[in-house]
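# Commentary on secondary and tertiary structure
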Amino acid sequence: MTKVKKEKGVEEETGGTEKSYQELIANVNPIANPLASRKLSKKLYKCVKKAAKNKQIRRGVKEVQKFINKGEKGIVVFAGDTLPIEVYCHLPIMCEDRNLPYAYVPSKVDLGSSAGSKRPTCVILIKPHDEYKEAYDECLEEVTSLPKPI
């Protein structure tokens, strides 16, 4: 019995990742631009996980907004499937005013779980730190190269 369940789990993981990403993209808001690719999304989730381990993240709209106003630097990651849009539609403008790089990932559930929480999260600010500098710099480079919305 356990072997059969294990094999099903492996099949779901390998065959379901691309399809699930496509399903997640179908639920994304119209303002979710620039949207991270599947590869970049995985890198951002890993970077969030490393930053959360070192307590170098800011989670949630209120906290992220407060620290953006204070001038804190980092990468801002938005969840593209947050409804209503009015909850966080002012934050990308604040990021552009302060030259902070930002990107949208398709799922708030995945964003919250990568931060080590059971709750979905719609915004995370990743602060730079020496422990995960390589992953952070790689994400920073790719996020800044994404085309900005007009």
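The structure under discussion appears in the preceding block.
Quick caveat, the model's predicted, so the values are computed rather than measured.

Summing up its helical and strand segments, the protein has 6 helices and 4 strands in all. Put simply, the protein runs from its N terminus to its C terminus through helices and strands in the order α-α-β-α-β-α-β-α-β-α. Burial analysis of the protein (150 residues in total) assigns 42% to the buried set. Carbon together with sulfur atoms contributes 53% to the accessible area of the protein, which is approximately 9200 Å² in total.

Turning our attention to the nonpolar core. In terms of nonpolar packing, the biggest core is built from 41 residues, with Leu 44, Val 76, Phe 78, Leu 111, Val 123 and Ile 126 touching the most fellow members. Counting residues per element, the ones that place at least two in this core are α2 (38–53), α3 (61–70), β2 (75–79), α4 (91–97), β3 (102–105), β4 (123–126) and α6 (133–145). Ranked by the residues each element gives to this core, the list is headed by α2, at 7 residues. Those residues in contact with Leu 111 that sit more than four places away from it in its chain are Tyr 45, Val 48, Val 77, Phe 78, Ala 79, Val 105, Thr 121, Cys 122, Val 123 and Ile 124.

Once that is clear, we can look at the packing of aromatic side chains. Enumeration according to the criterion identifies 5 aromatic pairs in this entry. Between Tyr 102 and Tyr 104, the aromatic rings sit 6.4 Å apart at their centres with planes inclined by 80°, giving edge-to-face as the arrangement. Taken individually, Tyr 102 and Tyr 104 each receive the classification buried, so the pair is uniform in this respect. Pairwise contacts between aromatic rings join Phe 78, Tyr 88, Tyr 102 and Tyr 104 into one cluster. Here Arg 58 stacks its cationic end above the ring of Phe 67, 3.7 Å away from the centre of that ring. For the cation-ring pair, Lys 148 lies above Tyr 102, with the distance from its terminal atom to the ring centre recorded as 4.8 Å.

If you trace the backbone, Leu 140 turns up in helix α6. With 12 residues separating them along the chain, Leu 140 and Pro 128 place their C-alpha atoms 9.7 Å apart. Once you skip the residues sitting within four places of it in the chain, Leu 140 turns out to touch Ile 75 and Pro 101.

This part takes up the sheet that holds β2. Consider a sheet: its strands pair through backbone hydrogen bonds, and that pairing is either parallel or antiparallel. Spatially, β1-β4-β2-β3 is the arrangement adopted by the 4 strands of the open sheet, whose pairing is mixed. On the outer flanks of this sheet lie β1 (57–59) and β3, each paired with one strand and no other. Neighbour-to-neighbour, the strand axes of this sheet turn through a mean angle of 20°, independent of strand direction. As paired strands, β2 and β4 are joined by 4 bridges and run antiparallel to one another.

Going residue by residue along β3, you find Tyr 102 and Tyr 104 tucked away on one face and Ala 103 and Val 105 tucked away on the opposite face as well. The pairing of β2 with β3 spans 4 bridges and is parallel. Its bridge partner lying in β3, Val 77 is registered against Ala 103. Taken together, β2, α4 and β3 constitute a β-α-β crossover, and its handedness is right-handed.

Parameters at a glance
- Residues numbered from 1 in each chain as written.
- Predicted model: local features only at pLDDT ≥ 70, side-chain atom pairs only at ≥ 80, totals over all residues.
- Heavy atoms only, no water.
- Helix = DSSP H or I, 4+ residues; strand = E, 2+ residues; numbered from the N terminus.
- Buried < 20%, exposed > 50% of the residue type's maximum accessible area, 1.4 Å probe, protein only.
- Areas by Shrake-Rupley, 256 points an atom, 1.4 Å probe, with all protein chains shown as cover.
- Core = buried A, V, L, I, M, F, W, Y, C linked by side-chain atoms within 4.5 Å.
- Contact = heavy atoms within 4.5 Å.
- Phe/Tyr/Trp six-rings, centres within 6.5 Å; stacked < 30°, edge-to-face > 60°.
- Lys NZ or Arg CZ within 6 Å of the ring centre and 35° of its normal.
- Pairing = 2+ DSSP bridges.
- Axes fitted to C-alpha atoms, helices over the stretch in contact; angles between N-to-C directions.
- Right-handed = clockwise from strand over helix to strand, strands pointing away.

Keep in mind that these numbers describe shape and distance, not what the molecule does.
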